[in-house]
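Tertiary structure, described
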Amino acid sequence: MVVPLSAATRPEIPSPPPANLPRPTVATLDRIYAANSANAAQAARTARAHGDTHRAAADREMAAPTRHLLAFDGRGNGKAAEVFGDLARADHVAVLVPGSDTSLDTYPRFRATADALYRRLTGTAPEGTRSAVIAWLGYRTPDTVSTTVLTTGRADEAAPDLREFIRRLHGVVGRHTTVSLVCHSYGTVVCARAAAHLDIDDLALVGSPGTGSGTAAALHTRARVWAARGKDDWIGEVPHIRTDLFGVRVGFGTDPVSPAFGAHVFAAGAGGHSDYFTPGSVSLANLARIVLGDTAEVSRA
């Protein structure tokens, strides 16, 4: 096995601490959005003063009045949670969890996946049905070229924050609102580590290298567990092993789309690792059906 060297670390970017936010409820959403927008604008000014024009531009985009940020932290690689749609009135909510190499600097590509899913949901949902999507960049993702991407370390660190986020989300959405977790690549490891403590209806794993668990049952979740992989996704060539290497447990074990794992496997078409949310794709259509609860309409692999 070849273990890649860690990628170069970017210098720490000065930024103000996150805004002091009230507990999220329907009544406090607008205050939270405004406070995070102001914090992102302050982060942009700080980054510009530091000479980092790229981060300053990224933070400035996040601060736009049309953006709805449930969370924002401009320090380091950055964290954020952005809402698409009317969260307080949504009947169905999807929370997207990204994989490696996702940060505030690369956030637009992650945002595009959330926007694509939201547009698909609003375009196909029955009349009167309301949906919302949340892009959750709530953890420090590993670099694709690094040793951290081979272990559950970052996922173990992220799992408590994801659990807390979902718990607080239920303070905003209605009692009958369904919540689905849609996880991509290394994000599937994060979701798997948090799954046992999440109050969610569906858990969808796409482009997964494995979850660190041998079976869907071992996730100990009441949610329906789904999995898919595109035919041209290179992740399918990654060995699905879990072993000790120089005292470190590497790999993520059973392939989630294998019969041995026991997930509901759905069709993802011929796309590659970054194509699951491409407009018009089979995978995006199926993800929307899962979020909307149209499980009988999901096409199987």
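Reading the values: the criteria
Residues numbered from 1 in each chain as written. Predicted model: local features only at pLDDT ≥ 70, side-chain atom pairs only at ≥ 80, totals over all residues. Heavy atoms only, no water. Phe/Tyr/Trp six-rings, centres within 6.5 Å; stacked < 30°, edge-to-face > 60°. Helix = DSSP H or I, 4+ residues; strand = E, 2+ residues; numbered from the N terminus. Buried < 20%, exposed > 50% of the residue type's maximum accessible area, 1.4 Å probe, protein only. Axes fitted to C-alpha atoms, helices over the stretch in contact; angles between N-to-C directions. Parallel < 35°, antiparallel > 145°, perpendicular 65-115°, else oblique. Left-handed = near helix turned anticlockwise from the far one by under 90°. Contact = heavy atoms within 4.5 Å. Nonpolar A, V, L, I, M, F, W, Y, C, P; charged D, E, K, R; others polar. Disulfide = S-S within 2.5 Å.

1. Regarding the packing of aromatic side chains
- Enumeration according to the criterion identifies five aromatic pairs in this entry.
- An angle of 45° between the planes, with centres 6.2 Å apart, marks the rings of Trp136 and Phe165 as tilted. Taken together, the residues Trp136 in strand S4 (residues 131-137) and Phe165 in helix H4 (residues 153-169) connect sequence positions 29 residues apart.
- Note on Trp136: relative accessible area 3%, which makes it buried.

2. Comments concerning the packing of helix H1 (residues 29-49) against helix H2 (residues 53-62)
- Remark: H1 packs on H2, axes separated minimally by 8 Å, with the N-to-C direction vectors making an angle of 165°. Of the possible angle classes, the one that applies to H1 and H2 is roughly antiparallel. Relative to H2, the crossing made by H1 is left-handed. On H2, the residues that touch Ala40, Ala43, Ala44, Ala47 and Arg48 of H1 are Arg55, Ala56, Asp59, Arg60 and Met62.
- In terms of residue class, the contact of H1 with H2 is built from six nonpolar, no polar and four charged.

3. Section: the state of the cysteines
- Per the counting criterion, the structure on display carries one disulfide.
- Across the disulfide, Cys183 is cross-linked to Cys191 (sulfur-sulfur distance 2.1 Å). As the torsion about the S-S bond is roughly -100°, the Cys183-Cys191 disulfide counts as left-handed. In terms of burial, Cys183 and Cys191 fall into one category: buried.

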